[in-house]
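Given next are the chains, with one letter for each unit.
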Amino acid sequence: MISSIRIHYIIALLLSFLLTSCNSWLDVQPRSQVEDTELFEKESGFKEALAGVYSSMVSSKTYAKELTFGFIGVLGREWDYYSAAQYDNAATYDYDATYPTMYIRNIWSNSYSGIANTNNLLAHIDDKPSIFSTDNYNVIKGEALALRAFLHFDLLRLFGVSYAVNKEQPSIPYSTALSYRVFPQLTVEQVANAVLSDLNAAEALLRLSDPLVTGREITESDDNGYLLNRQLHLNYYAVKALQTRVYLWMGDYERALTAANEVIQSQLFPWATSTSLQLGTDLSLATEQLFALNNLTLKADIADKYFSEGSSSSFAVTRDRLLDYFDRATRDYRYTFLFRSGSGSTANNRYLRKYDTTSGGTYYNYKMPLMRVSEMYLVRSEVLWRNGDDSGALDALNELRIARNLTRLATMPADFESALMAEYRREFIGEGQLFFLYKRLNKRTIPGYPEVDAVEEKLYTFPLPITETEAAQRNDNK
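Only a predicted model underlies this, so the values are computations on that prediction, with no experimental measurement involved.

About the thresholds
Residues numbered from 1 in each chain as written. Predicted model: local features only at pLDDT ≥ 70, side-chain atom pairs only at ≥ 80, totals over all residues. Heavy atoms only, no water. Pairing = 2+ DSSP bridges. Helix = DSSP H or I, 4+ residues; strand = E, 2+ residues; numbered from the N terminus. Axes fitted to C-alpha atoms, helices over the stretch in contact; angles between N-to-C directions. Parallel < 35°, antiparallel > 145°, perpendicular 65-115°, else oblique. Left-handed = near helix turned anticlockwise from the far one by under 90°. Contact = heavy atoms within 4.5 Å. Nonpolar A, V, L, I, M, F, W, Y, C, P; charged D, E, K, R; others polar. Expected span 1.5 Å × (residues − 1). Buried < 20%, exposed > 50% of the residue type's maximum accessible area, 1.4 Å probe, protein only. Patch = residues over 30% accessible without salt bridge, like charges linked within 9 Å, V, L, I, M, F, W, Y side chains within 5 Å. Areas by Shrake-Rupley, 256 points an atom, 1.4 Å probe, with all protein chains shown as cover. Salt bridge = Lys/Arg side-chain N within 4 Å of Asp/Glu carboxyl O. Lys, Arg positive; Asp, Glu negative; His and termini not counted. Charge placed at Lys NZ, Arg CZ, Asp CG, Glu CD. pLDDT = per-residue confidence, 0-100. Phe/Tyr/Trp six-rings, centres within 6.5 Å; stacked < 30°, edge-to-face > 60°. 1 Å grid on protein atoms, 1.4 Å probe; cavity = no way out; pocket = protein on both sides within 12 Å on 5 of 7 lines; lining within 4 Å. Points joined across faces, edges and corners; volume = space filled by probe spheres on them.

Draft legend 1. Region of interest: the sheet that holds strand β5 (residues 339-341). Taking strand neighbours across the sheet as the criterion, the three strands line up as β4-β6-β5 in an open arrangement whose pairing is antiparallel. A strand with exactly one partner marks an edge of an open sheet, and here the two such strands are β4 (317-318) and β5. Here two bridges tie β4 to strand β6 (residues 349-352), and the two strands are oriented antiparallel to one another. Considered in β6, the bridge of Val317 is made with Arg350.

Draft legend 2. Structural detail: the packing of helix α9 (residues 236-250) against helix α10 (residues 253-266). One way to put it is that α9 packs onto α10 with a least axis distance of 8 Å and a crossing angle of 155°. Taken together, α9 and α10 sit at an angle that is classed as roughly antiparallel. The chirality of how α9 crosses α10 is left-handed. Two secondary-structure elements touch here, α9 through Tyr236, Tyr237, Lys240, Ala241, Gln243, Thr244, Tyr247 and Leu248 and α10 through Tyr253, Arg255, Ala256, Ala259, Ala260, Glu262, Val263 and Ser266. In terms of residue class, the contact of α9 with α10 is made up of 10 nonpolar, three polar and three charged.

Draft legend 3. Local environment of helix α6 (residues 136-159). Across its 24 residues, α6 extends 34 Å between first and last C-alpha, which sits within 8% of the 34 Å expected from 1.5 Å per residue. Of all 24 residues making up α6, 24 are buried, and the element is well covered by its neighbours.

Draft legend 4. Focus on a negative patch on the surface. A surface patch of like charges, here negative, comprises Asp389, Asp390, Asp395 and Glu399. Structurally, the position occupied by Asp390 is in helix α16 (residues 390-403). The exposure class assigned to Asp390 is partly exposed, which follows from its relative accessible area of 39%.

Draft legend 5. Representation of the confidence of the model for the chain in the model. Chain-level pLDDT for the chain is 91 on average; 92% of the residues reach the 70-or-more range. Throughout residues 1-34 the model reports pLDDT below 50, and contacts reaching past four residues in sequence, or to other chains, amount to 104 contacts.

Draft legend 6. Examining the packing of aromatic side chains more closely. Applying the stated rule across the entire model yields 41 aromatic pairs. Between Phe69 and Phe307, the ring centres sit 5.1 Å apart and the planes meet at 65°, which makes this aromatic pair edge-to-face. Of this pair, Phe69 sits in the loop between α2 (43-57) and α3 (71-75) while Phe307 is found in the loop between α12 (298-306) and β4, placing the two residues 238 residues apart along the sequence. Note on Phe326 and Phe339: the rings are 6.4 Å apart at their centroids and 80° apart in plane angle, and the pair reads as edge-to-face.

Draft legend 7. Up close: empty space enclosed by the protein. By the definition in use, this model includes three cavities of 30 Å³ or more. Estimated volume of the largest cavity: approximately 120 Å³. What lines the largest cavity is Arg157, Arg245, Leu248, Trp249, Glu375, Tyr424, Gln433, Phe436, Leu437 and Arg440. Contributions of two or more residues to the lining of the largest cavity are made by α9 and α18 (434-440). A class-by-class count of the residues in the lining of the largest cavity yields five nonpolar, one polar and four charged.

Draft legend 8. Geometry of α16. Over its 14 residues, α16 runs 20 Å from end to end, which matches the ideal 20 Å to within 8%, given 1.5 Å per residue. The set of residues buried in α16 consists of Gly392, Ala393, Leu394, Ala396, Leu397, Asn398, Leu400, Arg401 and Ala403. Turning to α16, the residues buried within the fold contact α14 (333-337), α15 (373-386) and α17 (416-428). Downstream of α16 by one or two residues, Asn405 has phi in the positive range, about 70°.

Draft legend 9. The packing of α2 against α6, seen in detail. Direction vectors running N to C along α2 and α6 enclose 25°, while the axes themselves pass 11 Å from each other. The angle between the axes of α2 and α6 places the two elements in the roughly parallel class. For α2 against α6, the interelement crossing comes out left-handed. Here α2 contributes Glu43, Phe46, Lys47, Leu50, Val53, Tyr54 and Met57 to the contact with α6, which in turn contributes Asn136, Ile140, Glu143, Ala144, Leu147, Phe150 and Leu151. Each residue belonging to the contact of α2 with α6 can be placed in one class, and the counts come to 10 nonpolar, one polar and three charged.

Draft legend 10. Region of interest: the pattern of salt bridges. Taken as a whole and assessed by the stated rule, the structure comprises 37 salt bridges. Taking the shortest distance from any N to any O, the salt bridge between Asp223 and Lys47 comes out at 3.0 Å. Residue Asp223 is found in the loop between α8 (211-214) and α9, and its partner Lys47 is found in helix α2; the two are separated by 176 residues along the sequence. With a relative accessible area of 23%, Asp223 lands in the partly exposed category. Given a relative accessible area of 3%, Lys47 falls into the buried group. Of the charged contacts in the structure, one is a salt bridge between Arg444 and Asp453, with a shortest N-O distance of 2.8 Å. We classify Arg444 as partly exposed; its relative accessible area is 44%. Connected through shared salt-bridge partners, Glu288, Asp327, Asp332, Arg334, Lys354, Arg372, Arg404, Glu423, Arg426, Glu427 and Glu431 make up one network.

Rendered as structure tokens:
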């Protein structure tokens, strides 16, 4: 691992983390540090280790706040209101200020810590393939490889310049072992290729054994239900979706389209229904999720704290801004059901409801989406538009519009790229995707921040933590 990061092997196992039902394989004592020789003697140890990596992602420093609606949401200009003390410097892209420096340092260290724990699992799994039952060897190794790719790719999107700007620019290290040695700083292209290498290996393993692919029916009696609830794992189709993101980011549009089509054509991720949205039972759009984190404190730690009129830390948009987001189409299910109004002095505020998920029952509750099938339709639409297939692009866009209770467009928008960005904004507000979209499209003006040329001023690329530039002597990543 990188010299500036002290490796701690953390198994933060929470009962019912991976499975929303109680499973006996999790009936063990949580542990903070476990000797490898003890942990990896049994299959249960590998399950615990994998659970620990997923659990580490449910952190306010990364995917439970800053990389979904917090820091990254402010950078994407998603909100009108937020804690000024914590985010005013982020809103002007002053990455050297105190709070942004802290956010950036935490994202770096937490992500590489998760990668280190994944590497530790991968270092041991091939030593004892005979201890695994049924398909668990392929599934656990495949998910671990995919997790390593997922975390590295988000680091690349943050700390590497856009592929379209300079794929030869030095970016980040790709860590493949639990080690104190300094891993070399790779170029943007080299990291992207390393991500794809891990994803291809994960795909090959999961294609053989993931119940979503094989059709094998899993019950509680099968290995205590270990392979249930595949959306809470980096399953086969989540791997295909991540491949889609990487290929699209690299400008390899044909491979992006092929991967996206495979996810869509599986028909395993149906649109949320108007009934479930109206009743508030599926506000996180759980049926559409390709990969989600299970956050057992989602309501108290996120919905009530950050999307409530009674909290000084809340994120909100104004009524007028939200109407602009939705082109005044108030029949859109996302406008109608996924926001609520404030009252009194905050009556003009609108608060996101995606994370207020406690009334839908076991399947729907506590899920934080990281990838959803709607993204695949938007990718399909964009690639077909780039290929000159306006009819196909419009069909893909209309699939999403109809699912959200909008009318079918008869003709392509005159400015397709602007229409695409607007649809991403409506669809993924609070999920951390807008900033990455603007960066991938190399937008010189960030919508809502016309003051500077974002590409020229290098607003899309985080500076490396000072510990990396000093102790590890990294090259300029911008």
